[in-house]
Amino acid sequence: MRIRSALTAVAVVLAGLVAGVGSSSAAGSNTAGSSSAAAYCGITWGSAEKSAGALSDAPLTEVRTGRHDCYDRVVFEFAGPVDGYAIGYGETWTEGEGLALSPYTAGGALLRVSLRAPAYDDAHQGTVPYAVGEHVANLLRYSTVRDVVFGGSFEGYSTFAVGVRARLPFRVLVLTGPGTHSRIVLDVAHQW
């Protein structure tokens, strides 16, 4: 008799669990397995290193930043077509001398940005007004991006350390224009 009562109780508990799992799966909006519904602002970028494109001789002309509802943005603009970059989390070293930029860059995590284009022209004159180690943007009131530090330009590559609040998802876009210019855009999400 006691065994039958215990088995009946176990069956009732299991039936309740199965019914609960079925209803929460059908709803889908709050389940951990439903990544698209749980994604912050629909962002599914991830935080793995991203790289693409080839080396270009079109020089970097400007770096600017922007705040958006779901992410912060860093824009690198070039005087010509550029599509080459490698961006990922980790230590950033200055070009040509190998000095680590982490002690000089604000933020809880560091994105190393290597642009496959120079920050100087054909006469080897700098095309951006930054010296190696300089902070290039005012990031007051930004949710995620804390710092952008110029790491220099050497042998056709330009480097930046982008300090962010924490290791968060990011994406990279290559855009053409305005005119003959092009842009490499780095967006860092405010949260996962």
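Relevant structure appears above.
The structure presented is a predicted model; accordingly, all values stated were derived computationally and were not measured. (Residues numbered from 1 in each chain as written. Predicted model: local features only at pLDDT ≥ 70, side-chain atom pairs only at ≥ 80, totals over all residues. Heavy atoms only, no water.)

What follows deals with unusual backbone geometry. In this chain, Gly177 is followed by Pro178 through a cis amide linkage whose omega measures 0 degrees. Within the secondary structure, Pro178 is located in the loop between β8 (170–176) and β9 (182–189). Phi angles above zero are rare outside glycine, and His124 is one such case at about 60 degrees. Of note, His124 is situated in the loop between β5 (109–115) and β6 (145–154). With a phi angle near 75 degrees, Arg141 is a residue other than glycine that sits in the positive phi range. A relative accessible area of 64% places Arg141 in the exposed class. (Helix = DSSP H or I, 4+ residues; strand = E, 2+ residues; numbered from the N terminus. Buried < 20%, exposed > 50% of the residue type's maximum accessible area, 1.4 Å probe, protein only.)

Attention now goes to the packing of aromatic side chains. Following the criterion strictly, the structure yields 5 aromatic pairs and no others. Aromatic pair Phe76 and Phe160: ring centres 5.0 Å apart, planes at 50 degrees, arrangement tilted. In this pair, Phe76 sits in strand β3 (residues 71–78) while Phe160 sits in strand β7 (residues 157–164), placing the two residues 84 residues apart along the sequence. With respect to class, Phe76 is no different from Phe160; both count as buried. Consider the rings of Tyr89 and Phe170, whose centres lie 5.7 Å apart with planes at 75 degrees: the pair is edge-to-face. Placement of the pair is Tyr89 in strand β4 (residues 85–89) and Phe170 in strand β8, with a sequence separation of 81 residues. (Phe/Tyr/Trp six-rings, centres within 6.5 Å; stacked < 30°, edge-to-face > 60°.)

This part covers the state of the cysteines. Taken as a whole, this structure holds 1 disulfide when the rule is applied. One disulfide bridge connects Cys41 with Cys70, the sulfur atoms lying 2.0 Å from each other. An S-S torsion of about -75 degrees defines the bridge between Cys41 and Cys70 as left-handed. Here the residue Cys41 occupies a position in the loop between α2 (35–38) and β1 (50–52), and Cys70 occupies one in the loop between β2 (60–67) and β3, the gap between them amounting to 29 residues. (Disulfide = S-S within 2.5 Å.)

On to the sheet that holds β2, then. Taking strand neighbours across the sheet as the criterion, the 4 strands line up as β2-β3-β9-β8 in an open arrangement whose pairing is antiparallel. Of all the strands in the sheet, the pair left with one neighbour each is β2 and β8. Taking the axes of each pair of neighbouring strands and ignoring which way they run, one obtains an average angle of 15 degrees across the sheet. The pairing of β2 with β3 spans 7 bridges and is antiparallel. (Pairing = 2+ DSSP bridges. Axes fitted to C-alpha atoms, helices over the stretch in contact; angles between N-to-C directions.)

Here we come to the pattern of salt bridges. The final tally for this structure, using the stated rule, is 5 salt bridges. In this structure, Arg112 engages Glu49 in a salt bridge whose closest nitrogen and oxygen atoms are separated by 2.6 Å. Remark: Glu49 occurs in the loop between α2 and β1 and Arg112 occurs in strand β5; sequence separation between them is 63 residues. Its relative accessible area of 27% is what places Arg112 among the partly exposed residues. For Glu49, a relative accessible area of 46% corresponds to the partly exposed category. Residues Asp187 and Arg73 are paired through a salt bridge, measuring 2.6 Å at the closest nitrogen-oxygen approach. Of this pair, Asp187 sits in strand β9 while Arg73 sits in strand β3, and the two are 114 residues apart along the sequence. Given the relative accessible area of 0%, Asp187 is considered buried. (Salt bridge = Lys/Arg side-chain N within 4 Å of Asp/Glu carboxyl O.)

Its place among the elements puts Thr94 in the loop between β4 and β5. Among the residues examined, Thr94 registers a relative accessible area of 5% and is labelled buried. Sequence-distant contacts of Thr94, that is, excluding residues within four places in its chain, are made with Leu99, Leu101, Val132 and Gly151. (Contact = heavy atoms within 4.5 Å.)

With that settled, consider the nonpolar core. With 33 residues, the main nonpolar core has Phe160 and Leu186 as its most contacted residues. Counting only elements with at least two residues in this core, the list comes to β2, β3, β4, β5, β6, β7, β8 and β9. Counting 5 residues, the second largest nonpolar core, distinct from the first, contains Tyr40, Cys70, Tyr71 and Ala189. (Core = buried A, V, L, I, M, F, W, Y, C linked by side-chain atoms within 4.5 Å.)

Scope: geometric values only; no functional claims are made or implied.
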